[in-house]
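# Examination of the molecular architecture
What follows is each chain in one-letter form.
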Amino acid sequence: MRTEISPAILYAGSIVVLITTENEDGSPNIAPMSSAWWLGHRCMLGLASYSQTTINLRRTKQCVLNLASDTMGDQINSLARTTGTKEVPARKITLGYRHVKDKFGISSLTPVPSDLVNPPCIKESPVQMEAELVDIHEMSKDVPDRAGSSVALELKILRVHVDDSLRLPGHPNRINADKWRPMVMSFQELYGLAPKKATNSQLAEIEEELYRA
Ligand SMILES: Cc1cc2nc3c(=O)[nH]c(=O)nc-3n(C[C@H](O)[C@H](O)[C@H](O)COP(=O)(O)O)c2cc1C
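Residues numbered from 1 in each chain as written. Predicted model: local features only at pLDDT ≥ 70, side-chain atom pairs only at ≥ 80, totals over all residues.

As annotated in an unreviewed UniProt entry, the protein chain is Flavin reductase like domain-containing protein from Cadophora malorum. Database annotation for the protein chain, UniProt heading Sequence similarities (unreviewed entry): "Belongs to the flavoredoxin family." UniProt lists a comment for the protein chain under the heading Cofactor (unreviewed entry), and it reads "FMN". (UniProt positions renumbered as here; feature names shortened; annotations may be inferred.)

Okay, here's the thing in structure tokens:
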């Protein structure tokens, strides 16, 4: 038996990314987000238009995608319901958000310099991707009271840094999927992956280098 329902959100599960961007005064901002997916060396992000991260990305065209491991719950929670915008948008006030200027301070995360972009990497994130903005798509243009409220951002990944503990021995450019434990956000709750594979993967029989463009 199944029932038609109308969930207010449809976030069925995707990994948590801590995006670092540069504020207008040169200070760094961090925002947790999870509407992110990759195709080749491009990444699509879904973000609220009025978030400081979106404002910074539109202006500077640079960010770092710091992937959160499942041990980073405290840091993610300390950043949740905060915004870098000085004026907290009415919608966020309703949801209990507050303005925080020093996101690194509040989360006890550590900035380390990036190679190719101004925003810093986050030392505690085991996978860090320096990226630049290449395109913006305004979402929900067909819905009068939602038009312009969110955007899909296409990023070009410029450089990837990975903690050595996650590298696959014998493969200079591979991440060991058995070792990488991402934090997953599903319907607002935070989960880790089970410690072992659910089943064998037919897809994983393809040599990873064959995907390189
Ligand atoms: C685990 C988690 C996942 C989130 N995912 C998203 C998301 O995918 N897109 C989005 O716009 N906001 C998302 N948020 C909310 C943002 O963090 C929030 O809008 C925040 O105020 C952005 O910070 P900023 O205004 O300093 O950029 C998420 C928050 C948490 C804690």
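Right, picking up where we left off after that structure.
With numbering matched to this structure, UniProt assigns "domain: Flavin reductase like" (unreviewed entry) to residues 15–165. Here residues 15–165 runs as 17% helix and 42% strand, with 20 Å between its end C-alpha atoms. (Helix = DSSP H or I, 4+ residues; strand = E, 2+ residues; numbered from the N terminus.)

Next up on the list: the pairing of strand β5 (residues 42–48). Here four bridges tie strand β4 (residues 36–39) to β5, and the two strands are oriented antiparallel to one another. Pairing of A36 across the sheet is with L45, part of β5. The turn joining β4 and β5, which pair antiparallel and follow one another in sequence, is formed by two residues; a positive phi near 60° is taken by G40. The pairing of β5 with strand β12 (residues 150–162) spans seven bridges and is antiparallel. Of the residues in β12, the one forming a bridge with L45 is L153. (Pairing = 2+ DSSP bridges.)

Contacts to the ligand come from 20 residues, most closely from A31, S35, T53, T83 and G84. Those elements giving two or more residues to the shell around the ligand turn out to be β3 (28–33), β5 and α1 (52–60). Top element by residues in the shell around the ligand is β3. It accounts for four residues. A per-class count over the shell around the ligand returns 10 nonpolar, 10 polar and no charged. (Near = placed C-beta within 6 Å. Nonpolar A, V, L, I, M, F, W, Y, C, P; charged D, E, K, R; others polar.)

This brings us to the sheet that holds strand β1 (residues 14–15). One open sheet accounts for three strands, arranged β1-β13-β14; its pairing is antiparallel. Of all strands in the sheet, those with a lone pairing partner are β1 and β14 (189–191), marking the two edges. The pairing of strand β13 (residues 184–186) with β14 spans three bridges and is classified as antiparallel. What sits directly across from M185, in β14, is L190.

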